Amino acid sequence: MRMKKLLLTVVAGLTFGLLAAKDDIPKVPIWDRIELTFDSPVAYDRPVYDVALQVTFVAPSGKQYPSDGFWDGENRWRVRFMPNEKGKWSYRTVCSDAANSGLHDRSGTFVCTKNRSSLPIYRNGKIVHRKGDYYLSYADGTPFFYLGCTAWNGALRSTDEEWETYLQHRKQHAYTVIQFVTTQWRGLPASELDPPAFSGEDPIRINPLFFQRLDRKIDQINRMGLVAAPVMLWAIPGDENPGYRLPVESAVKLAAYIKARYEAYHVIWNLGGDGNFTGRNLAKWQEIGRRVFGEGKNAVGNVVTLHPGGRRWYGNDYDGEEWLSMISYQTGHSNSESTIRWKTQGPVVENWARLKPRPIIDTEPVYEAQGVPGNAYEVRKSIFWSMFSAPVAGVGYGAWSTWPWLRVGEKSFNHGMKKPSQYDWKDGIESSGSIQVGRLHAFFDRFAWWKLRPQADLLEDNGASEHVSRTMMVVADDQAETILVYVPTAQRVAVKNERNRRFKKTSWYYPATGLYEKAKLSYTENRIETESHSDEDAILVLQ
């Protein structure tokens, strides 16, 4: 084995360093990262264009996993990989410049061992989507509940200490996913970054220093046991947004670089952010998706989604796109009548059962405002209307002072903020709605939530005829042995009960407090009646 210009780093468990067996073969626990570093004797003027490095990892079972390398400044190249089988692995490099002795035809071995971490991402494995499921899972098949917190600027503006405090708080309150941006965008222009992620347009020039700093932030996310959900190409109109500004070739090059750099982390990819991915943009985004994550580009089973602009639905247009494993959407920042109708009667409700099974998740519902009066009630309604409109898979959360990573006296960039903020990023996650949303994980874990699907016909009247803001929604398992009815305000509830079943466990759950109380039911022929007396929202639980 030629090792003259090859450095090897093993990222194992939550520690960093070189681990070696007695025979000097490096060891890495399953579901962690191994990093290979190669020094090129050749300097390239445009390294991300002039040369390509790929390493094929061969598992103990014989399965092969091609993994792209990435340029990390000067003449240094790296490859990161997450092994998914215990035993002895081998690898070999292929460089497009076959004469480059530092990059081409290098080989080696390492041993993948048991992971002794108690964190689910290391114990149960990376997040995947299994065909036929409406939810995400760990690699071992354990269902994964997506509870995302939005920190678009968090990984870019925070200090390491701030980021650690934020992540500890999110973990403490049962969030599982952190949503953030990985380049300059309209919410943090290139002029505010030193250096920005890239410069130029066609071609682009990658700035490795930017990504080296980002490495630490994504490391922190995973070390906390959380899953990173990076946005690769923010796409709303505007020259600061790479998904809008860059031509397809440059967009593919940038996204492929980010993928190569972070594919070995525990991630859920947002290929595009806040864009319109249909109509005249459809062909563009389908091409980008196929070239970055399509056939031959996703051997490790990446979970990939698109995060569209408010009330934009792309599910039908992308139903045949095999690289897309999750449908995300956002429903704007207010519960207007038109938005409630979109949530409760619109494309999600109409189409989820017609499409190939995928998780369908509102990753950006109503943001929570800080201070008095708060809007936690509006946040909860927005979240539950979304969660009950498709098979239960999870939801996102965001706070107005957290996503821009504001400090007191600052304004968010390019978002119409007229006065300096009285609140900082930490005030956002400590707001009441943030804590209430965190309780969703424990609430849904009381049930086989991954079996719960919309069953609107179980309600005699969903309340919308009186006013759309009174719309009740219901999810249940196939046999209606577990039924959850979301009741946004005090009103009568009538559930069809054609089998005249007597439920053994009946309760009201109050999301504002996290408390339960016994539900008083009236059983009549083929019907169950009760009434919510809550001033705000409640969930009727029948089991």
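Report on the accompanying structure. Residues take numbers from 1 onward in each chain, read along the sequence in its written order. With pLDDT at 70 or above as the cut-off, local features in this predicted model cover only qualifying residues; side-chain atom pairs require 80 or more to be listed or tallied, and sums for whole chains, interfaces and linings still use all residues. Side-chain metrics in this entry use all non-hydrogen atoms of the structure; hydrogen atoms and water are not considered.

## Digging into the overall build of the protein chain
Helix and strand content of the protein chain: 14 helices and 32 strands. In this treatment the radius of gyration is a C-alpha quantity, and the globule benchmark scales as 2.2 Å times the residue count to the 0.38 power. The C-alpha radius of gyration of the protein chain comes to 24 Å, within 12% of the 24 Å expected for a compact globule of 543 residues. Each of the three principal axes of the protein chain carries a C-alpha extent, and together these read 80 × 55 × 45 Å. Working definition: with a 1.4 Å probe on protein chains only, accessible area under 20% of the residue-type maximum means buried, over 50% means exposed, and in between means partly exposed. Out of the 543 residues in the protein chain, the part that is buried amounts to 59%. Here a residue-residue contact requires only that any non-hydrogen atoms of the pair lie within 4.5 Å. Long-range pairs, those at least 24 residues apart, make up 70% of the contacts in the protein chain between residues at least 6 apart in sequence. Runs of H or I in DSSP of at least four residues are treated as helices and runs of E of at least two as strands, each being numbered from the N terminus.

## Describing the packing of helix α7 (residues 248-262) against helix α8 (residues 282-293)
The convention used is that axes are lines fitted to C-alpha atoms, helices contributing only their stretch in contact, and that angles between N-to-C directions extend from 0 to 180 degrees. The geometry of α7 relative to α8 is characterised by a closest axis approach of 10 Å and an angle of 40° between their N-to-C directions. You can see that α7 and α8 cross each other, and the crossing is right-handed. Contacts from Val248, Glu249, Ala251, Val252, Ala255, Ala256 and Lys259 in α7 reach Lys284, Glu287, Ile288, Arg291, Val292 and Phe293 in α8. Three categories are distinguished: nonpolar for Ala, Val, Leu, Ile, Met, Phe, Trp, Tyr, Cys and Pro, charged for Asp, Glu, Lys and Arg, and polar for the others, with Gly belonging to the last. A class-by-class count of the residues in the contact of α7 with α8 yields eight nonpolar, no polar and five charged. Crossing chirality is assigned from the near helix's rotation relative to the far helix, an anticlockwise turn below a right angle marking it left-handed and a clockwise turn marking it right-handed.

## A few points about the pairing of strand β20 (residues 304-308)
Counting buried residues along β20, five of its five residues qualify, which places the element largely inside the surrounding structure. The alternating pattern of β20 places Val304, Leu306 and Pro308 and Thr305 and His307 on opposite faces, both of which are buried. Only strands joined by at least two bridges in the DSSP assignment are considered to pair. Bridge analysis of strand β19 (residues 269-275) against β20 gives four bridges, and the strand direction is parallel. What sits directly across from Gly275, in β20, is Pro308. With the strands pointing away from the viewer, any crossover whose connection runs clockwise from the first strand over the helix to the second is right-handed. Where the polypeptide runs from β19 across α8 and back to β20, its parallel neighbour, the crossover connection is right-handed.

## A short note on unusual backbone geometry
The amide bond that connects Asp194 to the next residue, Pro195, takes the cis arrangement and shows omega of 0°. Considering the arrangement of structural elements, one finds Pro195 in the loop between β15 (177-181) and β16 (198-200). Cis geometry is adopted by the peptide bond preceding Pro203, which originates at Asp202 and carries an omega value of 10°. Residue position: Pro203 is located in the loop between β16 and β17 (204-206). One non-glycine residue, Glu74, lies in the positive phi region at around 50°. Mapped onto the elements, Glu74 comes out in the loop between β7 (70-71) and β8 (76-81). Phi angles above zero are rare outside glycine, and Ala174 is one such case at about 70°. Within the secondary structure, Ala174 is located in the loop between α4 (160-172) and β15.

## Overview of α4
A turn of α-helix holds 3.6 residues, and therefore any two residues three or four places apart point the same way. The terminal C-alpha atoms of α4, which comprises 13 residues, lie 18 Å apart, in line with the 18 Å expected from a rise of 1.5 Å per residue. Immediately beyond the C-terminal end of α4, within one or two residues, lies Ala174, with a positive phi of roughly 70°. Here the expected span of a helix is defined as 1.5 Å times the quantity of residues minus one.

## Concerning the environment of Phe293
Turning to its location among the elements, Phe293 is positioned in helix α8. For Phe293, a relative accessible area of 1% puts it in the buried group. Along the chain, Phe293 and Ser507 lie 214 residues apart, while their C-alpha atoms are 45 Å from each other. Ignoring sequence-local partners within four residues, the contact set of Phe293 consists of Met232, Lys259, Trp269, Leu271, Asn298, Asn302, Val304 and Trp323.

## Considering the nonpolar core
The definition of a nonpolar core used throughout is a set of buried Ala, Val, Leu, Ile, Met, Phe, Trp, Tyr and Cys residues joined through side-chain atoms within 4.5 Å. Counting 145 residues, the largest nonpolar core has Phe57, Tyr166, Ile268, Leu271, Phe444 and Leu484 as its most contacted members. Per-element tally for this core: the top contributor is α7, with eight residues. If we ignore the near neighbours within four places in the chain, the residues touching Ile268 are Ile127, Leu136, Phe144, Tyr146, Val177, Val227, Ala228, Ala229, Pro230, Val303 and Met326. Counting 19 residues, the second largest nonpolar core, distinct from the first, contains Ala480, Ile483, Val493 and Ala519.

## Concerning the layout of surface pockets
Volume-wise, the largest pocket comes out at about 710 Å³. Contributing to the lining of the largest pocket are 32 residues, with His129, Lys131, Asn298, Gly301 and Glu322 lying nearest its centre. Each cavity reported here is a set of points on a 1 Å grid over the protein atoms alone in which a 1.4 Å probe fits but cannot get out, each pocket an open set with protein on both sides within 12 Å along at least five of seven lines, and each lining residue one with an atom within 4 Å of a point. Grid points are joined across faces, edges and corners, and a volume is the space filled by probe spheres set on the points. Space inside the second largest pocket adds up to approximately 510 Å³. If you go around the second largest pocket, you meet 25 residues; those closest to its centre are Val48, Ala52, Asp68, Lys253 and Ala256. Within the residue set of the lining of the second largest pocket, elements represented by two or more residues are α1 (47-50), β5 (53-58), β7, α7 and α8.

## Digging into the pairing of strand β32 (residues 538-542)
Within β32, five of the five residues are buried, which leaves the element mostly enclosed by the surrounding structure. Judged by which residues are buried, β32 turns out to be covered on both faces: Ala538, Leu540 and Leu542 on one side and Ile539 and Val541 on the other are all buried. As judged from the five bridges shared by strand β26 (residues 483-487) and β32, these two strands associate in the antiparallel manner. Counterpart to Val485 in the pairing with β32 is Leu540.

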